[in-house]
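# Observations on the model geometry
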Amino acid sequence: MKAQILAGLLLGSLAALPAAVSARPLPKNAQQTADSGKSASSADSAKEKLPFPNVPRITAEEVEKLIRTKGNVVIVDTDDSMSYGAEHIKDAVNIAYDPTVDVSNEDQTLQVLPGDKLIVFYCNCPHEEDSAPMVQEMWQLGYAHDKVKALQGGLTRWEQLGYPLSGTDLPKGSQEKGE
Amino acid sequence: MSRWAKQIETQVGIPTVCVAMDNIVHYAVTYIREYYTGMPLRFVAVPFPFTGQPKAVDVGYVTGKDMLNGGPLMASVVSALTSPLTANEKISGAPANESVEPRLLPPDTEDNLRALFDAKEWSDYNWINLPTEKKVMAMLRGTSHKPDEIIKTVTITGGARPLSVEKVAISAVMAGASPEHFPVILALATQAPFGNSTSSMANMVVINGPIAKKLKFNSGTNAMGPYNRSNAVVGRAFTILSKTAGDLRNNVNAWESLGSNFQYNNILYAENEDNLPDGWKPLHTQMGFNPDDNVVTVGTGWTSISSVGGSQELYPVHYLMRDYMSSLTASGSAATIVMDPTVAGLLQTAHGFKTKEQLSEWFSQNAEKTAGNYWGNGVIQSTVVPLALQGLEPYAGWRKVPNETMIKPFTNSRAIHIVVTGGKIQTTWFVTDFGMRRGVKIDDWA
């Protein structure tokens, strides 16, 4: 009898637990957040169109100067390891960003990066779509906001300026160019 | 591994076979295949463990049997790379969707429903409040946010799940929380699911701000023990919502070999802000929040070492903490030192640490371990070695020194956090390797 009463009380009233939705991976750039509208100035329409506008950018020229003057800078390539092996900014290290998994999966590796140097993330993408999320994650890990930036224009811009590169896809006989 | 194999096959066009460990390969050929890759990858399996073994053992694995089909391993590798695709393997396309649970379960007896929740692994196996629609609606009155608002999309193996306010409310009800706890739990949900690995990963949750007193979170005697309702139910809610939202099921997606008892409550406590020494800021204000902000901070780590008995004048307390720190992985320089207010006072008055930051910097400069000890850790091997091999200093240099060389592995003092809690009963403390993420403002979820 008791069970019947309980069943009656629960009739149609038990909320199901969160179980499932689509198992499809997140689309690329799905982690662009609603921060967009908050941080961008309405006067700066170009900036508003950028993904992750709250992430500070640094130009290739500035980075190259820092490297040349032995400034305290670490360059991080966020492409997959095969792309990195083929071509990357000289002396950059590789921590791949995978848009199909939560960026926090990389926390253990990201935390290895030094806290006392400027860390510049870059990707082979036009608007820092893969490097900017890494910058945001570094902030979550407690890194100072002014110590972590995304390279504006990424690898493409670096190449356009003829700055030093390394990798297996570079001209035969030399795995470095631009020096 | 499946991800890389799929990439090599589909993007580079090279036939690929995955060599997995026997203990986990079935996960790869079932769940991963079904929900992640959408393509049948070929696997062979060797015994576990693989790492840390003498080379002769690993060589024996290679010359031995494929643990999946029982044949010689290398023959299986060659066969996997060269044999034509079967009809089943020619099937391609998007991965199958997971089965979708209904929002409401059909009515049933309480016993049956409890059995269902256990069978589905929707609980921590302690007694839960069954989340009736009425109870969930009551919980939702603890926030101004709408039930269908998506807090975040949780990426799980092979997919993504939107985590809504209503789903968090269900976990909050199950954990025994009250509506006034709900904003704290929603803020915690932004950090869900909790950390989980094959070794005993656990989590630490710190409450800061006026809400700690308002909701009677414990920051005094037994702050980290089972003596307070708010600490108990909010910590437990994080476990339940992490398990359900993160699809953490034993031997399906949760693979901690020993597991961690910390995962029942996630070491949830409040900082004892009233008893911080002058000049020592609460954790949340160190992170840039205002003192009156209510903030929850989540850390992830493995190790916790407790002091035993009171501190002694013979050997200053920070020396002993430093020595204990040599046992931590130092991965990412992460450490969180939790101490009683009496210890904090001692460090300030007797040893001159005017701020938490000064103490963190001292640990960074003075905590040492041998290079061999540092590189002998599996997490360091997987996270630091790749970057060291790419030339990142100081790690590249540490790879070249003899094992007995002393190094200072806590290179980033900002990753060494100090939290003060406890009842001033004894001068005790914990040294832990928990790495703290930036706190989350609870007020945004009220």
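On a predicted model such as this, the values are computed, not experimentally measured, just so you know. (Residues numbered from 1 in each chain as written. Chains lettered and ligands numbered in written order. Predicted model: local features only at pLDDT ≥ 70, side-chain atom pairs only at ≥ 80, totals over all residues. Heavy atoms only, no water.)

### Considerations on the overall build of chain A
Of regular secondary structure, chain A possesses 8 helices and 8 strands. Put simply, chain A has 179 residues, and 50% of those count as buried. Roughly 8,400 Å² of accessible area belongs to chain A as shown, and the carbon and sulfur atoms make up 51% of that amount. (Helix = DSSP H or I, 4+ residues; strand = E, 2+ residues; numbered from the N terminus. Buried < 20%, exposed > 50% of the residue type's maximum accessible area, 1.4 Å probe, protein only. Areas by Shrake-Rupley, 256 points an atom, 1.4 Å probe, with all protein chains shown as cover.)

### With respect to the sheet that holds strand β5 (residues 118-122) of chain A
Residues and elements named next belong to chain A. Strand order in the open sheet formed by 5 strands is β1-β6-β5-β2-β4, and the pairing between neighbours is parallel. Since the sheet does not close on itself, it has two edges, and those belong to β1 (57-58) and β4 (93-94), each with one partner. With 2 bridges connecting them, strand β2 (residues 73-77) and β4 associate as parallel partners. Each residue of the ladder has a partner; that of Val 76, found in β4, is Val 93. Along the sheet, helix α7 (residues 132-140) makes contact with β5 and β6 (148-151), crossing β6 at roughly 175°. (Pairing = 2+ DSSP bridges. Contact = heavy atoms within 4.5 Å. Axes fitted to C-alpha atoms, helices over the stretch in contact; angles between N-to-C directions.)

### Re the sheet that holds strand β12 (residues 416-420) of chain B
All names here are of chain B. The strand order across the open sheet built from 4 strands is β8-β13-β9-β12, with neighbouring strands paired in mixed fashion. With one partner strand each, in any of the chains shown, β8 (304-306) and β12 form the two edges of the open sheet. When the angles between neighbouring strand axes are averaged without regard to direction, this sheet yields 15°. Bridging between strand β9 (residues 335-339) and strand β13 (residues 429-432) involves 4 bridges; their strand directions are antiparallel.

### Focus: the state of the cysteines
Residues and elements named next belong to chain A. Under the defined criterion, the tally for this structure stands at 1 disulfide over all chains. Each sulfur of the disulfide joining Cys 123 and Cys 125 lies 1.9 Å from the other. Looking along the S-S bond of the Cys 123-Cys 125 disulfide, the torsion reads about -105°, which is the left-handed sense. The class of Cys 125 is buried, set by a relative accessible area of 7%. (Disulfide = S-S within 2.5 Å.)

### Points about the pattern of salt bridges
Think of it this way: side chains of opposite charge can pair up when their charged atoms draw near. All names here are of chain B. Throughout the structure, instances matching the rule amount to 16 salt bridges over all chains. Of the charged contacts in the structure, one is a salt bridge between Glu 271 and Lys 356, with a shortest N-O distance of 2.8 Å. In this pair, Glu 271 is assigned in the loop between β6 (268-270) and α11 (283-286) and Lys 356 in helix α14 (residues 356-366), connecting sequence segments 85 residues apart. As far as burial versus exposure is concerned, Glu 271 and Lys 356 are alike and both buried. A salt bridge links Lys 441 to Asp 293, with the nearest nitrogen and oxygen atoms 3.6 Å apart. Here Lys 441 is found in strand β15 (residues 440-441), whereas its partner Asp 293 is found in the loop between α11 and β7 (295-301), with 148 residues between them in sequence. Overall, the relative accessible area of 10% leaves Asp 293 in the buried class. (Salt bridge = Lys/Arg side-chain N within 4 Å of Asp/Glu carboxyl O.)

### Topic: the side chain of Ser 131 of chain A
If you trace the backbone, Ser 131 of chain A turns up in the loop between β5 and α7. Its relative accessible area of 0% is what places Ser 131 of chain A among the buried residues.

### A look at the layout of surface pockets
To find leftover empty space, a probe the size of one water molecule is rolled over the atoms. All names here are of chain B. Roughly 440 Å³ of volume is contained in the second largest pocket. The wall of the second largest pocket is formed by 19 residues, among which Lys 243, Asn 250, Ala 254, Ser 260 and Gln 263 lie closest to the centre. Considered class by class, the residues forming the lining of the second largest pocket number 7 nonpolar, 7 polar and 5 charged. (1 Å grid on protein atoms, 1.4 Å probe; cavity = no way out; pocket = protein on both sides within 12 Å on 5 of 7 lines; lining within 4 Å. Points joined across faces, edges and corners; volume = space filled by probe spheres on them. Nonpolar A, V, L, I, M, F, W, Y, C, P; charged D, E, K, R; others polar.)

### A word on the environment of Ile 425 of chain B
Residue and element names in this part refer to chain B. Within the secondary structure, Ile 425 is located in the loop between β12 and β13. Sequence separation between Ile 425 and Thr 221 is 204 residues; the distance between their C-alpha atoms is 7.2 Å. In this structure, Ile 425 is in contact with Thr 221 and Asp 340, ignoring residues within four places of it in sequence.

### Here's the deal with helix α4 (residues 60-68) of chain A
Helical periodicity: at 3.6 residues per turn, an α-helix aligns residues three or four positions apart in one direction. All names here are of chain A. All of the buried residues along α4 are Ala 60, Val 63 and Glu 64. Projected onto a plane normal to the axis of α4, the buried residues spread over an arc of 100° and lie on a single side. One or two steps after α4, the chain reaches Lys 70, where phi turns positive at roughly 60°. (Arc of directions from axis to C-beta.)

### Side note on the packing of helix α7 (residues 165-175) of chain B against helix α10 (residues 229-245) of chain B
Residues and elements named next belong to chain B. Contact geometry for α7 and α10: axes closest at 8 Å, N-to-C directions at 130°. Considered as vectors, α7 and α10 are oriented oblique to each other. For α7 against α10, the interelement crossing comes out right-handed. Between α7 and α10, the contacting residues are Val 168, Ser 171, Ala 172, Met 174 and Ala 175 on the first element and Val 233, Arg 236, Ala 237, Ile 240, Leu 241 and Thr 244 on the second. Split by residue class, the contact of α7 with α10 holds 8 nonpolar, 2 polar and 1 charged. (Parallel < 35°, antiparallel > 145°, perpendicular 65-115°, else oblique. Left-handed = near helix turned anticlockwise from the far one by under 90°.)

### Digging into unusual backbone geometry
Look at the link from Phe 48 of chain B to Pro 49 of chain B: it is a cis peptide, with omega at 0°. Residue position: Pro 49 of chain B is located in the loop between β2 (42-46) and α3 (55-63). Omega for the bond connecting Ala 192 of chain B with Pro 193 of chain B falls within 30 degrees of zero, at -5°, which places this linkage in the cis form. Assignment of secondary structure puts Pro 193 of chain B in the loop between α8 (182-189) and β5 (202-208). Of note in this structure, Lys 70 of chain A is not a glycine but carries a positive phi near 60°. Among the structural elements, Lys 70 of chain A can be located in the loop between α4 and β2. Even without being a glycine, Asn 222 of chain B presents a positive backbone phi close to 60°. The partly exposed category is assigned to Asn 222 of chain B, whose relative accessible area is 38%.

### Thoughts on the confidence of the model for chain B
For chain B, mean pLDDT is 91; residues scoring 70 or higher make up 95% of the total. The ipTM, which scores confidence in the relative placement of chains, is 0.76 for this predicted complex, and the corresponding pTM is 0.85. (pLDDT = per-residue confidence, 0-100.)

### A word on the pairing of β6 of chain A
Residues and elements named next belong to chain A. The pairing of β1 with β6 spans 2 bridges and is classified as parallel. By the bridge assignment, Arg 57 is partnered in β6 with Ala 150. Crossover handedness for the path β5 to α7 to β6: right-handed. (Right-handed = clockwise from strand over helix to strand, strands pointing away.)

### A closer look at the nonpolar core
Core analysis: the biggest nonpolar cluster contains 58 residues, and Leu 113 and Phe 121 of chain A together with Trp 280, Met 321, Met 325, Met 339 and Trp 375 of chain B have the highest contact counts within it. A per-element tally of this core places α7 of chain A first, with 5 residues. Ignoring sequence-local partners within four residues, the contact set of Met 325 of chain B consists of Ala 335, Ile 337, Phe 363, Ala 367, Phe 410, Ile 416 and Val 431 of chain B. Membership of the second largest hydrophobic core comes to 53 residues, among which are Leu 113, Ala 177, Val 184 and Ile 442 of chain B. (Core = buried A, V, L, I, M, F, W, Y, C linked by side-chain atoms within 4.5 Å.)

### Considering helix α13 (residues 341-349) of chain B
Residue and element names in this part refer to chain B. Of the positions making up α13, those classed as buried are Pro 341, Val 343, Ala 344, Leu 347 and Gln 348. Down the axis, α13 shows its buried residues gathered within 160° of arc, on one side only. Residues of α13 that are buried make contact with α12 (317-325), β9, α14, β12 and β13.

### Some thoughts on the packing of α7 of chain B against α8 of chain B
For any two helices packed against each other, one specifies the inter-axial angle together with the distance between the axes. Residues and elements named next belong to chain B. At their nearest, the axes of α7 and α8 sit 10 Å apart, and the two run at 115° to each other. The hand of the α7/α8 crossing is right-handed. Residues Val 165, Val 168, Ala 169 and Ala 172 of α7 lie in contact with α8, whose contacting residues are Phe 182, Ile 185, Leu 186 and Ala 189. For the contact of α7 with α8, the class distribution of residues is 8 nonpolar, no polar and no charged.

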